[in-house]
Amino acid sequence: MQEIGISAKGVIDYTVTASGKGAHSSKPDEGVNAIDHLIDFANEVRSLMAKFDKVDPVLGKLTHVQSVFHGGEQINSVPSKAKMKGNIRTIPAYPNQVVFDALDRLIDQLNQKSGYDLNIQYIFPEEAVSGDSDSSLVRLIKSVHAQIYSAPVKVGGKSGASDASEFLHAEGDFSIVQMGPGNHTEHQSNENIALEDFYQAIEFYKKLAEAFFI
């Protein structure tokens, strides 16, 4: 519990499906290779995402990872289907809709080519969250934190998306922060949390709730 997250990157998970036409590998001209078309998208999207080059002072740059790639049915046939999935972490300078529009334009441009049939879907997108390091909530958390922990708390941003984005839909005038016990083992085989840290966090949350409603 050594950091208050006042801002966080958003997330865009997307899936691109390429549809082609199957054929025997000895007669490739009779088919349409879905993997070839998907690779074209994979190459183009890297340079497209690189154009989003603004740097947030807390969160850094927008990031993009091509994380899953599937295609083909068997080694001696032209693949009729191929699919890839990607993950984008956005920053406040680039609202998700701006990224959607850029990806949609790329899909449309590629589909102008003969035989191309690409489709993109977006899954559970979340907007980036920005915050105020000097808000009343942050000041309260700092005060309570000092009663529980010996080391001072830091104020910063989170590279991962979280449920904090959901509160943006309320369009209310209130601060949003992320804070919790843990370490740097997320998404690893030994992901864990020490029981001492867990129980200490419970005490912190209790005192914070009491101070918040006083």
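Since this is a predicted model, take the numbers as computed values, not measurements.

Peer 1: Which parts of the structure should I look at to understand helix α1 (residues 34–50)?
Peer 2: The end-to-end C-alpha separation of α1 is 25 Å, in line with the 24 Å expected for 17 residues at 1.5 Å each. Inspection of α1 places Ala34, His37, Leu38, Phe41, Ala42, Val45, Leu48 and Met49 among the buried residues, and these make up the whole buried set. The buried residues of α1 occupy an angular sector of 145 degrees when projected down its axis, which confines them to one face. Check the buried side of α1 and you find it contacts β2 (10–19), β6 (63–71), β8 (81–90), α2 (96–111) and β9 (118–126). Between a side-chain oxygen at the N-terminus of α1 and the backbone nitrogen of Ile35 the separation is 3.0 Å; the capping residue is Asn33.

Peer 1: Before we go on, may I ask you to explain the domain arrangement of the protein in this structure?
Peer 2: Often the size quoted for an interface is simply the accessible area lost on bringing the parts together. We note that the domain assignment places domain 1 (9–126) and domain 2 (130–213) within the protein. Measuring from the centre of the C-alpha atoms in domain 1 to the corresponding centre in domain 2 gives 35 Å. Across the boundary between the two partners, domain 1 contributes eight residues, which contact nine residues of domain 2. When residues of domain 1 are sorted by the area they lose upon contact with domain 2, Lys9, Arg89 and Glu126 head the list and together hold 65% of the total. Where domain 1 meets domain 2, there are zero salt bridges. Between the two partners, domain 1 and domain 2, sit zero residue pairs in polar contact (both at pLDDT 80 or more). For the side of domain 1 that touches domain 2, a count of residues per class yields four nonpolar, one polar and three charged.

Peer 1: Please explain the packing of helix α3 (residues 136–148) against helix α4 (residues 195–213) as it appears in this structure.
Peer 2: Where α3 contacts α4, the two axes come as close as 9 Å, and the packing angle between them is 130 degrees. Of the possible angle classes, the one that applies to α3 and α4 is oblique. In the crossing of α3 with α4, the sense of the turn from one axis to the other is right-handed. On α4, the residues touching Leu137, Leu140, Ile141, Val144, His145, Gln147 and Ile148 of α3 are Gln200, Glu203, Phe204, Lys207, Leu208, Ala211 and Phe212.

Scoring rules and cut-offs
- Residue positions are counted from 1 within each chain, in the order its sequence is given.
- Local features in a predicted model are, by the rule used here, given only for residues with pLDDT of at least 70; side-chain atom pairs are given and counted only at 80 or more, and totals for whole chains, interfaces and linings are based on all residues.
- Computation of side-chain values covers all heavy atoms of the structure but excludes hydrogens and water.
- Only runs of H or I of at least four residues qualify as helices and only runs of E of at least two qualify as strands under DSSP, and these elements are numbered from the N terminus.
- A helix is expected to reach a length of 1.5 Å times the quantity of its residues less one.
- Summary of the burial criterion: residues with accessible area below 20% of their type's maximum are buried, those above 50% are exposed, and those between are partly exposed, where the area comes from a 1.4 Å probe applied to protein chains only.
- Here the arc refers to the directions that run from the helix axis out to each C-beta atom.
- Two residues qualify as a contact provided that any one of their heavy atoms is within 4.5 Å of a heavy atom in the partner residue.
- N or O atoms within 3.5 Å of each other form a polar contact, as long as, within protein, one can give a hydrogen and the other can take it, and as long as residues adjacent in sequence are counted only when both atoms are side-chain atoms.
- What marks off one domain from the next here is an automatic or database domain assignment.
- Buried area is understood as the total, over both parts, of accessible area removed when two parts are fitted together, assessed with a 1.4 Å probe.
- Think of a salt bridge as a Lys or Arg side-chain nitrogen and an Asp or Glu carboxyl oxygen that are within 4 Å of each other.
- Any residue outside Ala, Val, Leu, Ile, Met, Phe, Trp, Tyr, Cys, Pro, Asp, Glu, Lys and Arg is labelled polar, Gly included; the first ten of those are nonpolar and the last four are charged.
- In this description, a line fitted to the C-alpha atoms serves as the axis of each element, helices being fitted only across the stretch in contact, and the angle between N-to-C directions of two axes falls anywhere from 0 to 180 degrees.
- When describing relative orientation, an angle under 35 degrees is termed roughly parallel and one over 145 degrees roughly antiparallel, while 65 to 115 degrees is termed roughly perpendicular and anything else oblique.
- With the far helix as reference, a near helix turned anticlockwise by less than a right angle produces a left-handed crossing, and one turned clockwise produces a right-handed crossing.

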